[in-house]
Amino acid sequence: MPKRVDHEERRAQIAEALVRVAGRRGLHAVGMRDVAAEAGVSLRLVQYYFETKEKLLLYGLRHLTDRFTARVGARLTAAGPAPGPRATVEALLLASLPTDEESRTFHLLYSSYAILSVTDEALAAQPFIDNPDAAEDAVTGLINGAREAGLADPDVDARTEAISLLAMAGTLGTSILVGQRSPESSIEVLRHHLDRIFTTTPADG
């Protein structure tokens, strides 16, 4: 009997190839032929699954986001069975910093997707902003929950702090990529601001 093809597995294989080659050459310089060669499959097969470069890029973005989610989950697992809002926010922020090869590739490509979506009509037509909004909503909810539990400054505005933390993490990530500062100093900056927002024990009241 011929071997049954797992189409989702094949798409993931091609997406992984996209991530690898784009991590080396930059997303803007990657073509479908490059991805096919990296994946060890024919150009025709890549076209069969994705039809256009834009569709391949969009699938690659979802694949990259799934990998990031798994990375955050691993950090939370390492933090223990009940990490709490502070540890959860920290895991999300630190997972986005380019401190190793995988996170470097994530930051580089995610930033590239954002820039391409400004000028590429096909990418611009997609809900690229949904994932950043989801992160903002999640961090806002965690800060609000911490406030209600007495584990955060009751006077902070959760939405403003969430926006600030995520923007800060993104900018710090870029500064690490270009060699402006070290991962260690960037982590110190983020933890400084988390210390300002969160408290270690419930406030009396």
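So, how was this worked out
- Residues numbered from 1 in each chain as written.
- Predicted model: local features only at pLDDT ≥ 70, side-chain atom pairs only at ≥ 80, totals over all residues.
- Heavy atoms only, no water.
- Helix = DSSP H or I, 4+ residues; strand = E, 2+ residues; numbered from the N terminus.
- Expected span 1.5 Å × (residues − 1).
- Buried < 20%, exposed > 50% of the residue type's maximum accessible area, 1.4 Å probe, protein only.
- Salt bridge = Lys/Arg side-chain N within 4 Å of Asp/Glu carboxyl O.
- Phe/Tyr/Trp six-rings, centres within 6.5 Å; stacked < 30°, edge-to-face > 60°.

Caption draft 1: Representation of helix α4 (residues 53-79). Under the 1.5 Å per step criterion, the end-to-end length of α4 is 39 Å for 27 residues, consistent within 8% with the ideal 39 Å. Turning to α4, its buried residues number three or more, namely L56, L57, L58, Y59, G60, L61, H63, L64, T65, F68, R71 and V72. G80 sits one or two positions beyond α4 and adopts a positive phi of about 115°.

Caption draft 2: Representation of the pattern of salt bridges in the model. Summed over the entire model, instances satisfying the criterion amount to 15 salt bridges. One salt bridge in this structure joins E38 and R24, with 2.7 Å as the shortest N-O distance. Taken together, the residues span a long stretch of sequence, with E38 in helix α2 (residues 32-39) and R24 in helix α1 (residues 7-25) at a distance of 14 residues. On the accessibility criterion, R24 (54% relative accessible area) is exposed.

Caption draft 3: Structural view of the packing of aromatic side chains. As enumerated under the stated definition, the model contains 4 aromatic pairs in all. With a centroid separation of 4.6 Å and 10° between ring planes, the pair formed by F68 and F106 is classed as stacked. Here F68, found in helix α4, pairs with F106, found in helix α6 (residues 101-119); they are 38 residues apart in sequence, far enough to count as distant. Per residue, the accessibility class of F68 equals that of F106, and both read buried. When the ring of F106 is compared with that of Y110, the centres are 5.3 Å apart and the planes differ by 25°; the resulting orientation is stacked. Taken together, the positions of F106 and Y110, both in helix α6 and 4 residues apart, correspond to about one turn of that helix. Take Y110: its relative accessible area is 17%, and that puts it in the buried class. Members of the aromatic cluster, joined through ring pairs, are F68, F106 and Y110.

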